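Structural characterization, general
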Amino acid sequence: MEHYITPISAQRKLKAAKTLGQTAYLYAATGYGKTSFVENHLAARKYIYLNCSDRRWNEEALPRETKTDGRRTVVIDDLHLLDEDRRKLVKDLAARPDVWLILVSRSPVPSWLMPEYVNIGFIVISEKDMRLGKKEIRGYLDSLGLSYTEEGLQYLTDTAEGNGYIVRHAALKMAEGLEPGERMRKEIHDAFARYLEEYIMVQWDSELLEFLMQVSVVEEFTLPLAELITANRLASVMVHKALETGNFLFQEDGVYRLREVLLHALRERAVQALGEEQVKTCRKNAGVWYEMNGQIALALEMYEQSGSQGQIRELLVRNARVNPGVGHYYELRRYYLNMDEEEAAKSPVLMAGLSMLHSMLMDPEKSEYWYDKLSEFAKTAQGGAKREAQSRLCYLDISLPHRGSRDVLKIMLRAPAMLLDQGVQLPEFSVTSNVPSTMNGGKDFCRWSRSDRALARTVGPLVERVLGRYGKGLTKIALGESLYEKGGDSFEVLTLLSRGQVETECGGRQEIAFSAVGQRVRMMVMQGDLMNARSILGSFREAVERERTFQLLPNIRAMECRLALYGGDSEAADRWLKTAPDEEREFITMERYRYLTKIRCYLYNGSDMQALALSEKLLEYAAQCQRTMVGIEAGLLSAIARHRLGAGWEPTFDAALTEAESYGFIRKITELGPAVLPVLRARPRDGPWYKRVLEETKQTARRYPSYLTPKTAAPRGFSKTAVSVLRLQSEGFTATQIAQRLNMKPDNVRYHIKENYRKLGASGKVDAIAAARSLGII
């Protein structure tokens, strides 16, 4: 066959099947050249070819069984179209020793053929084997005499997915003078979709085609979602039929996804075959399912596409009723910001939601605008609407991020009177905003830390009462965190945190418990007990997943990354970094804990400029929203990055240090260990506070000598022998055993061990091995 390029992997497997006398089962989606591949391979041989689309062939078309030594080759194409009556013929043929059978299909081995697959054994040639790689595509283009750039070849390789139809179509376009790129991709994609619609989909069972057109309104689906979209309880039967019809439906963990080009073709056909109204009904049904399952952004997208304006407004109101820690303010901001102002002004809940959203977006002027609108509404409203407005105003007085925490205590002290006298019920607050902190959660409560014991004793019970379920265990946990930040007695801190966590388990919220767990994990880290730190966090994560408090998981994973950084596990840190929020695309204030974790990863990777850029964004946020703790932490990290870059770091560091000292905080500094130690030593201060900070920072540096040390900054001066000694130590060998393996004197080995410890700043073998691994030495 002229200009035919053979997929090497498929050819290797087909040859093996011939040699072993095993049935070859070849499957791939439309366009991968299955039939052409078999024809090209058998070009010089005699064989019987049968296509299942031809319903005329029967047992008489098959070769008669013979006892001669030779095998006859039989090719059965389009097996996915085989009717049930002829399945036994194929099964019998697969069992015959005098026949070499080649089965060609668009789907993997079907269930009816599974006994033969298991008992007789097939060699399966999958779509992956049929894909043309870069080398094969290059060979095909060269055989046609087409010119191309390496960039164009790579683009074609990446977008064609090894599909022979697409590669051939691209070659025709290139012959017309079109270069590989987005325009070519779209033209081929649209042409392929039309081909599927006109020649492939018409072969399908009408019930299956209707089902697939209906579910094509979503990008992916589960069986329950498919049942609701299609109003068909037999969705599982349809999915099974689809899987055996072609290799176009993929499943992972119960989630099904159609191949992109087919999805496009199905959507085009759905509008023609089902009509716009039925398509809208399918989208609305999908929206209902998404809303029921908490996937609010997807629900709104479906409602918008179906023109269901009433459902959109109702959903936005329901979302605005919950606090930002549970709600989806950022995800839905497009819908909120595009609302008609007059329509929003009719609902106190929507006005409160818009005030909160603009505050989260660091637009205090617009936030106060909606607060004033709500206040005016409350003056003239009657009955339940008035109480709702008053409730939302009190909620905003306490929780608006840009207002800080200066007057929060006074407002909370007034709240019980309003609750009793006016019958107003406050919405639930998110004290932590899903971060492992009460002092640095929904609000920054650092100023309370100066009088933490007195406030815990006098107003703690009142605050817990106002906050309802979010108040359970809050006083003890907040006091424990405050004492921890100031380096308080470990036993007292642990007692407060543990008792507070127990209280949260008696009708409280896991968000508050996360704060207790977070401080306990930090305590274990400072004591050098990473194993227990991981165990505590792991157990809590299991509880969160069991209770389905999924909004806590992103910050739990961020804390796991911080533990990985202490342990020198660069692979775990890099994996987390790939999932971290992208501050370059948009800066989301609710992601501050993950941003601070990301800065640590940047410092560890040697990406100091990125660390500095993100630190400065957080410092601006801290200044605008009166976030003292964020300002201290971001200031310290910014100073570290500036110091490494040789930029002016002193003012930033001095400001962070002065702020921390004014509250008596030490842990935000000392937890940074070796990363902050050079900067700390360069700016000495008088007094016991600095002395304690310096000593504890040194202790952290000894425990975690490679913490946030750039991977590219491996110390020089490690000879080949020194590295060999380190590597053998990491494998558990003693100094005497190492001496025997390296043919050295034990004293020389001990000298290398001592020098290695000195160069790595390690206090012992465990620290030295961890540091050497994190620095890429071993």
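This one's a predicted model, so the numbers in the text were calculated from it and none came from an experiment. Per chain, residue numbering runs from 1 following the sequence as it is written. It should be noted that, the model being predicted, local features are given only for residues of pLDDT at least 70 and side-chain atom pairs only at 80 or more, the latter also being counted only at that level, while totals for whole chains, interfaces and linings use all residues. Only hydrogens and water are removed before side-chain values are computed, so all heavy atoms of the structure are retained for them.

Things to note about the overall build of the chain
Which entries qualify depends on this criterion: We count a stretch as a helix when DSSP gives it H or I for four or more residues in a row; a strand needs E for two or more, and each element gets its number in order from the N terminus. The rule is simple: take the accessible area with a 1.4 Å probe, protein chains only, and divide by the maximum for that residue type; under 20% is buried, over 50% is exposed, in between is partly exposed. Should any heavy atoms of two residues lie within 4.5 Å, those residues are counted as being in contact. Where accessible areas are quoted, they stem from the Shrake-Rupley method and a 1.4 Å probe; at the residue level, only the protein chains shown are allowed to cover.
Looking only at helices and strands, the chain features 42 helices and eight strands. Summarising its shape, the C-alpha atoms of the chain cover approximately 100 × 90 × 55 Å along the three principal directions. Residue burial in the chain is summarised as follows: out of 778 residues, 53% are buried. Within the chain, contacts between residues separated by at least 24 positions form 69% of all contacts whose residues are at least 6 apart in sequence. A total of about 36100 Å² of accessible surface is found on the chain, and carbon and sulfur atoms cover 49% of it.

Quick notes on the packing of helix α14 (residues 276-292) against helix α15 (residues 296-305)
Test applied: The axes used here are C-alpha line fits, helices contributing only the stretch in contact, and every angle between their N-to-C directions lies in the interval 0 to 180 degrees. Reported orientations rely on four angle classes, namely roughly parallel under 35 degrees, roughly antiparallel over 145, roughly perpendicular from 65 to 115, and oblique for the rest. Each crossing gets its handedness from the near helix: less than a right angle anticlockwise from the far helix is left-handed, clockwise is right-handed. Nonpolar residues are Ala, Val, Leu, Ile, Met, Phe, Trp, Tyr, Cys and Pro. Charged residues are Asp, Glu, Lys and Arg, and all others, Gly as well, are polar.
Put simply, α14 and α15 touch, their axes get as near as 8 Å, and they point 160 degrees apart. Between α14 and α15, the crossing angle belongs to the class labelled roughly antiparallel. Considering how the two elements wind past one another, α14 and α15 form a crossing that is left-handed. Between α14 and α15, the contacting residues are K280, R283, K284, A286, G287, V288, Y290 and E291 on the first element and I296, L298, A299, M302, Y303 and Q305 on the second. Among the residues making up the contact of α14 with α15, the classes are represented as eight nonpolar, two polar and four charged.

A few points about the packing of helix α39 (residues 720-730) against helix α41 (residues 746-760)
Where α39 meets α41, the axes come as close as 10 Å, and the angle between the chain directions of the two elements is 90 degrees. One finds that α39 runs roughly perpendicular with respect to α41. Facing T721, A722, V725, L726 and Q729 of α39, the residues of α41 in contact are V749, H752, I753, N756, Y757 and L760. The class makeup of the residues in the contact of α39 with α41 is seven nonpolar, four polar and no charged.

Examining the side chain of R509
Following the sequence through the fold, R509 ends up in the loop between α27 (490-504) and α28 (510-526). Setting aside chain neighbours within four positions, we find R509 in contact with V326, E428, R469, Y470 and T504.

Brief notes about the packing of aromatic side chains
Selection criterion: Think of it this way: a Phe, Tyr or Trp ring, Trp meaning its six-membered ring, pairs with another when their centres are within 6.5 Å, and the plane angle makes it stacked under 30 degrees, edge-to-face over 60, tilted otherwise. Working rule: Lys NZ or Arg CZ, within 6 Å of ring centre, within 35 degrees of ring normal, means a charge sits over the ring.
Per the counting criterion, the structure on display carries 19 aromatic pairs. Ring centres of Y25 and Y27 lie 6.3 Å apart, and the angle between their planes is 50 degrees; this geometry places the pair in the tilted category. Here the aromatic rings of F192 and Y195 are separated by 6.3 Å at their centres, their planes lie at 25 degrees, and the arrangement is stacked. One end of the pair, F192, and the other, Y195, are both in helix α9 (residues 182-200), three residues apart, so they sit about a helical turn from each other. An aromatic cluster is defined as three or more aromatic residues linked by ring pairs; in this entry it consists of Y165, F192, Y195 and Y199. Between the NZ or CZ atom of R562 and the centre of the ring of Y593, over which it lies, the distance is 4.0 Å.

Details of α15
Spacing of three or four residues puts side chains on the same side of an α-helix, whose turn is 3.6 residues. As a reminder of what qualifies: Along the arc lie the directions from the helix axis toward the C-beta atoms.
Taken together, the buried positions of α15 are occupied by I296, A299, L300, M302 and Y303. Projected down its long axis, α15 shows its buried positions confined to an angular sector of 165 degrees, all on one face. Turning to α15, the residues buried within the fold contact α14, α16 (309-320) and α17 (333-337). Following α15 by one or two positions, G307 has its phi on the positive side, about 70 degrees.

Quick look at the sheet that holds strand β3 (residues 72-77)
What counts here: At least two bridges found by DSSP between two strands are what make those strands a pair.
Pairing is parallel in the open sheet, where five strands are placed in the order β2-β3-β4-β1-β5. The open sheet has two free edges, formed respectively by β2 (48-51) and β5 (122-125), since each of these has just one partner strand. Averaged over all pairs of adjacent strands, the angle between their axes in this sheet comes to 15 degrees, without regard to strand direction. Contacting β1 (23-27), β3, β4 (99-105) and β5, helix α1 (residues 8-20) runs over the sheet at an angle of about 165 degrees to β5. The strands touched by helix α3 (residues 87-95) within the sheet are β1, β3, β4 and β5, with β4 carrying the most contacts at an inclination of about 135 degrees.

Focus on empty space enclosed by the protein
Our working definition: Cavities and pockets were defined on a 1 Å grid built from protein atoms only: a cavity is a group of points that admits a 1.4 Å probe but offers it no way out, a pocket is an open group of points flanked by protein on both sides within 12 Å along at least five of seven lines, and a lining residue is one with an atom within 4 Å of any such point. Grid points are joined across faces, edges and corners, and a volume is the space filled by probe spheres set on the points.
Within this structure, the stated rule accounts for two cavities of 30 Å³ or more. Its volume calculated, the largest cavity comes out at about 580 Å³. V431, T438, K443, F445 and W448 are, among the 39 residues lining the largest cavity, the residues nearest its centre. Secondary-structure elements contributing two or more residues to the lining of the largest cavity are α19 (348-360), α21 (383-399), α23 (446-449), α24 (452-458), α25 (460-467) and α26 (474-485). For the lining of the largest cavity, the element with the highest residue contribution is α26, accounting for five residues. Its residues assigned to classes, the lining of the largest cavity comprises 22 nonpolar, 12 polar and five charged.

Regarding α9
Let me state the cut-off plainly: Multiplying 1.5 Å by the residue count of a helix minus one yields the expected span of that helix.
The end-to-end C-alpha distance of α9 is 25 Å, a good match for the 27 Å that 19 residues give at a rise of 1.5 Å each. Residues of α9 that are buried: M184, I188, H189, D190, A191, F192, A193, L196, E197 and I200. Looking at the packing, one finds that the buried side of α9 touches α8 (164-175) and α13 (260-273).

As for unusual backbone geometry
Most peptide bonds are trans, and most residues other than glycine sit at a negative phi. With phi around 60 degrees, L708 is a residue other than glycine that occupies positive phi space. On the accessibility criterion, L708 (0% relative accessible area) is buried.

Considerations on a nonpolar patch on the surface
Cut-off, in case you're wondering: Residues qualify for a patch when their relative accessible area is over 30% and they have no salt bridge, like charges being joined within 9 Å and the nonpolar side chains of Val, Leu, Ile, Met, Phe, Trp and Tyr within 5 Å. One side-chain nitrogen of Lys or Arg within 4 Å of one carboxyl oxygen of Asp or Glu is enough to make a salt bridge.
Together, M114, Y117 and V118 give the surface a local cluster of nonpolar side chains, amounting to about 260 Å² of exposed area. Structurally, Y117 is set in helix α4 (residues 114-121). Under the relative-accessibility criterion, Y117 is labelled partly exposed at 33%.

A short note on the sheet that holds strand β7 (residues 249-252)
With antiparallel pairing, the three strands of this open sheet are ordered in space as β6-β8-β7. Two strands in the sheet have a free side with no partner beyond their single neighbour: β6 (220-221) and β7. As judged from the two bridges shared by β6 and strand β8 (residues 255-258), these two strands associate in the antiparallel manner. Of the residues in β8, the one forming a bridge with E220 is R257.

Section: a positive patch on the surface
Put simply, the rule is: When charges are counted, neither His nor the chain ends are considered; positive counts come from Lys and Arg and negative counts from Asp and Glu. For the purpose of locating charges, the reference atoms are NZ of Lys, CZ of Arg, CG of Asp and CD of Glu.
A cluster of like positive charges, contributed by K15, K18, R45 and R71, occupies part of the molecular surface. In this fold, K15 is placed in helix α1.

A look at the confidence of the model for the chain
Spelled out, the test is: Along the chain, pLDDT gives the predictor's confidence residue by residue, from 0 to 100.
Across the chain, pLDDT averages 89, with 96% of residues at or above 70. Averaged pLDDT values for the elements of the chain fall to 62 in helix α22 (residues 408-421) and rise to 96 in helix α36 (residues 667-670).

A closer look at the pattern of salt bridges
Considering all chains together, one arrives at 52 salt bridges under this definition. Of the charged contacts, one joins E127 and R259 as a salt bridge, the two residues approaching to 2.8 Å between their closest N and O atoms. With E127 in helix α5 (residues 127-130) and R259 in the loop between β8 and α13, the pair connects residues that are 132 residues apart, well separated along the chain. For E127, a relative accessible area of 4% gives the class buried. On the basis of relative accessibility, which here comes to 12%, the residue R259 falls in the buried class. Taken together, the shared-partner salt bridges in this structure form one network comprising R562, R600, E633 and K668.

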